[in-house]
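Each chain, letter by letter, is given below.
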Amino acid sequence: MKWTSEAIRSGLILGGLMLAGSAAAQQAHPGRWAIVIHGGAGEIERARLGAEGDANYRAALARVVKAGAAVLDRGGSSLDAVEAAIRMLEDDPLFNAARGAVFTADGKTELDAAIMDGATERAGAVADVTHTRYPITLARAVMEKSPYVLLVGPGADAYSIQAGMEQEPASYFFTESRWQSLVKQLEKEGKPVPPRPEGAPPPGPASPTAQFQEAADTHRYGTVGVVALDRQGNIAAGTSTGGLQGKMSGRVGDSPIIGAGTYASNQSCAVSGTGVGEFFIRYTVAREICALVQYKGLALQQAADQVIHQQLAPIHGDGGVIALTPDGQLAWSFNTPGMFRARQAEGGKIEVHLYSDEP
């Protein structure tokens, strides 16, 4: 089935409402931990992903949830769980973050990340960093060890070195599937193809999921994110991304913008978003959802659906969010054919879903 904007506005609004009952059933018990993760939203369909891609993504998401849950289960903080889970996603070439980042139009990788502590409402973020292996850890260092919230470009790179972050050459972030996807996009648009990055391996076969990545929009809009609730009742959110494939160098999306793609407050909720960043910035999506919870008293799922389906979908603001509250409400909502997503509440089983017709 071809997913048009009209199909998304009509069919997926119903799908989003169907998610509400399922999410309500996943509310965590008081004093127990919970975690929700996403690996990007887009044209994620069975026919495009294929059996091998489906299995690979499900296994990766399950591993990440299990790792984040382990931190929470041994009494770790929500911040620790968010950072640990996102570091795993940043290490996995399947996802558009750090090692699996997409390329800019000039053949470079520019990495963004943000983290926010719901207990203190402190936040840290970085944008357009180029050599930091774990941008989410750098974002946390900005939050905890500097007086700032957001560092960008060369200044962020310099701070990364000063803070002792792990540094990698540009070739570390190179994946053949992402490169071939960029080449196809630029050739289709009639734009010049830049030379392969220095130190990149010779041209070879792409990953087993390359066919999906080349065919779908996930490689363009992919982002990873985690929201977590610890046993102390504190929540946190984090997001990391390689940005928009083929973007102009220097473009920054919503992921490192506090209130747009990332937000957390114990007074309302924690949110991490994925999608077309320009819309998430303009409509301050993450903060808007939390404001509906805090000031209008909406249930979390209702608030997420209102923003994603009623505000963004009609203006082609494609994407989705994951969210949770200090009282244990868990939610996700998206207006695309799929979103890589998973969750677990203490005492419950790990749930992994990819497509819009799954809960």
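A.B. asks: Looking at this model, I keep getting lost on the packing of helix 3 (residues 78-91) against helix 4 (residues 135-145). Mind explaining?
C.D. replies: When two helices pack together, you describe them by how their axes are tilted relative to each other and by the distance separating the axes. Look at helix 3 against helix 4: their axes get within 8 Å of each other, and the N-to-C directions meet at 150°. Classified by the interaxial angle, the pair formed by helix 3 and helix 4 is roughly antiparallel. Residue-level inspection shows Leu-79, Asp-80, Glu-83, Ile-86, Arg-87 and Glu-90 of helix 3 in contact with helix 4, the latter providing Pro-135, Ile-136, Thr-137, Arg-140, Met-143 and Glu-144. The class makeup of the residues in the contact of helix 3 with helix 4 is five nonpolar, one polar and six charged.

A.B. asks: What is the right way to look at the environment of Pro-135 in this model?
C.D. replies: Here Pro-135 lies in helix 4. Other than its neighbours up to four places away in sequence, Pro-135 contacts Glu-90, Ala-98, Leu-111, Ala-113, Val-126, Val-129 and Ser-240.

A.B. asks: Please clarify how the sheet that holds strand 12 (residues 351-355) should be interpreted in this entry.
C.D. replies: Pairing between the strands of a sheet is mediated by backbone hydrogen bonds and can be parallel or antiparallel. Across the sheet, eight strands lie side by side as 4-3-2-6-5-1-11-12; this open sheet has mixed pairing. Since the sheet does not close on itself, it has two edges, and those belong to strand 4 (150-152) and strand 12, each with one partner. Adjacent strand axes in the sheet meet at a mean angle of 10°, parallel and antiparallel pairs treated alike. Pairing of strand 1 (residues 34-42) with strand 5 (residues 224-229), which is carried by five bridges, proceeds in the antiparallel orientation. When the bridges of strand 5 are listed, Ile-35 appears paired with Ala-228. Packing against the sheet, helix 2 (residues 46-73) makes contact with strand 1, strand 5, strand 11 (338-345) and strand 12, and its axis sits at approximately 150° to strand 12. Lying on the sheet, helix 5 (residues 153-162) is in contact with strand 3 (122-129) and strand 4; it crosses strand 3 at an angle near 110°.

A.B. asks: Which parts of the structure should I look at to understand the packing of aromatic side chains?
C.D. replies: Given two aromatic rings, one states the distance between the centres and the angle between the planes to describe the pair. A complete count under the given rule lists seven aromatic pairs for this structure. Here the aromatic rings of Tyr-57 and Phe-340 are separated by 4.1 Å at their centres, their planes lie at 5°, and the arrangement is stacked. Of the two residues, Tyr-57 is situated in helix 2 and Phe-340 in strand 11; the sequence distance between them amounts to 283 residues. Given a relative accessible area of 1%, Tyr-57 falls into the buried group. The exposure class of Phe-340 is buried, given its relative accessible area of 1%. Between Phe-103 and Trp-179, the ring centres sit 5.0 Å apart and the planes meet at 90°, which makes this aromatic pair edge-to-face. Placement of Phe-103 in the loop between helix 3 and strand 2 (111-117) and of Trp-179 in helix 6 (residues 176-188) is noted, with a sequence separation of 76 residues between them. In this structure Phe-103 comes out as buried when scored by relative accessible area, which is 3%. If you follow Arg-87 out to its NZ or CZ, it ends over the ring of Tyr-134, 3.7 Å from the centre. Above the face of the Trp-332 ring, Arg-343 is positioned so that its terminal group lies 4.1 Å from the ring centre.

A.B. asks: How should I be thinking about helix 11 (residues 300-312) in this particular structure?
C.D. replies: In an α-helix, one full turn covers 3.6 residues, which means residues spaced three or four apart are oriented alike. Compared with the 18 Å implied by 1.5 Å per residue over 13 residues, the 17 Å span of helix 11 between its first and last C-alpha is a close match. Along helix 11, the residues that are buried comprise Leu-300, Gln-301, Ala-303, Ala-304, Asp-305, Val-307, Ile-308, His-309 and Leu-312.

A.B. asks: Any chance you could explain the layout of surface pockets here in plain terms?
C.D. replies: Once rolled over the atoms, a probe with the size of a water molecule shows which space is left empty. Reported here for the second largest pocket is a volume of approximately 220 Å³. Around the second largest pocket, the lining residues are Phe-103, Asp-106, Gly-107, Lys-108, Thr-109, Thr-130, His-131, Ala-170, Pro-195, Pro-197 and Glu-198. For the lining of the second largest pocket, a count of residues per class yields four nonpolar, four polar and three charged.

A.B. asks: Before we go on, may I ask you to explain the sheet that holds strand 7 (residues 262-264) in this structure?
C.D. replies: An order of 7-8-9-10 is seen for the four strands of this open sheet, with the pairing classed as antiparallel. The open sheet has two edge strands with one neighbour each: strand 7 and strand 10 (330-334). In this sheet, adjacent strand axes meet at a mean angle of 10° when their direction is disregarded. Strands strand 9 (319-324) and strand 10 of the sheet are contacted by helix 11, whose axis makes an angle of about 15° with strand 10.

A.B. asks: Quick question: what am I supposed to make of unusual backbone geometry here?
C.D. replies: Outside of glycine, negative phi angles account for most residues, and trans bonds account for most peptide bonds. Phi angles above zero are rare outside glycine, and Ala-98 is one such case at about 50°. Here Ala-98 lies in the loop between helix 3 and strand 2. By relative accessible area, Ala-98 is classed as buried at 1%. Its identity as a non-glycine residue notwithstanding, Asp-128 has a phi of 60°, on the positive side. Here Asp-128 lies in strand 3. For Asp-128, a relative accessible area of 14% translates into the label buried.

Conventions we followed
- Position numbers for residues count from 1 along each chain, tracking the sequence in the order it is written.
- Only residues with pLDDT of at least 70 get local features here, since the model is predicted, and only at 80 or more are side-chain atom pairs given and counted; chain-wide, interface and lining totals rely on the full set of residues.
- Only hydrogens and water are set aside; all other atoms, that is, all heavy atoms of the structure, feed into the side-chain values.
- Axes, fitted as lines to C-alpha atoms, cover a helix only where it is in contact. Angles between the N-to-C directions of the axes lie from 0 to 180 degrees.
- Comment: elements are numbered from the N terminus, with helices defined as DSSP H or I runs of at least four residues and strands as E runs of at least two.
- Angles are sorted into four bins: roughly parallel if under 35 degrees, roughly antiparallel if over 145, roughly perpendicular if 65 to 115, and oblique for all others.
- In this analysis, two residues are considered to be in contact whenever any of their non-hydrogen atoms come within 4.5 Å of each other.
- Residue type decides the class: Asp, Glu, Lys and Arg count as charged, Ala, Val, Leu, Ile, Met, Phe, Trp, Tyr, Cys and Pro as nonpolar, and the leftover types, Gly among them, as polar.
- At least two bridges found by DSSP between two strands is the condition for calling them paired.
- Stacked, tilted and edge-to-face are the three classes applied to pairs of Phe, Tyr and Trp rings, where Trp contributes its six-membered ring and a pair requires centres within 6.5 Å; stacked means planes under 30 degrees apart, edge-to-face means over 60, and tilted covers the rest.
- Throughout this description, buried means an accessible area under 20% of the type-specific maximum (1.4 Å probe, protein chains only), exposed means over 50%, and partly exposed covers the range between.
- By the criterion adopted, a ring carries a charge over it if an Arg CZ or a Lys NZ lies within 6 Å of its centre and within 35 degrees of its normal.
- Here the expected span of a helix is defined as 1.5 Å times the quantity of residues minus one.
- Both site types are read off a 1 Å grid over the protein atoms alone. A 1.4 Å probe that fits but cannot get out defines a cavity, while an open set with protein on both sides within 12 Å along at least five of seven lines defines a pocket; lining residues have an atom within 4 Å of a point.
- Grid points are joined across faces, edges and corners, and a volume is the space filled by probe spheres set on the points.

Function cannot be inferred from these measures alone, as they are strictly geometric.
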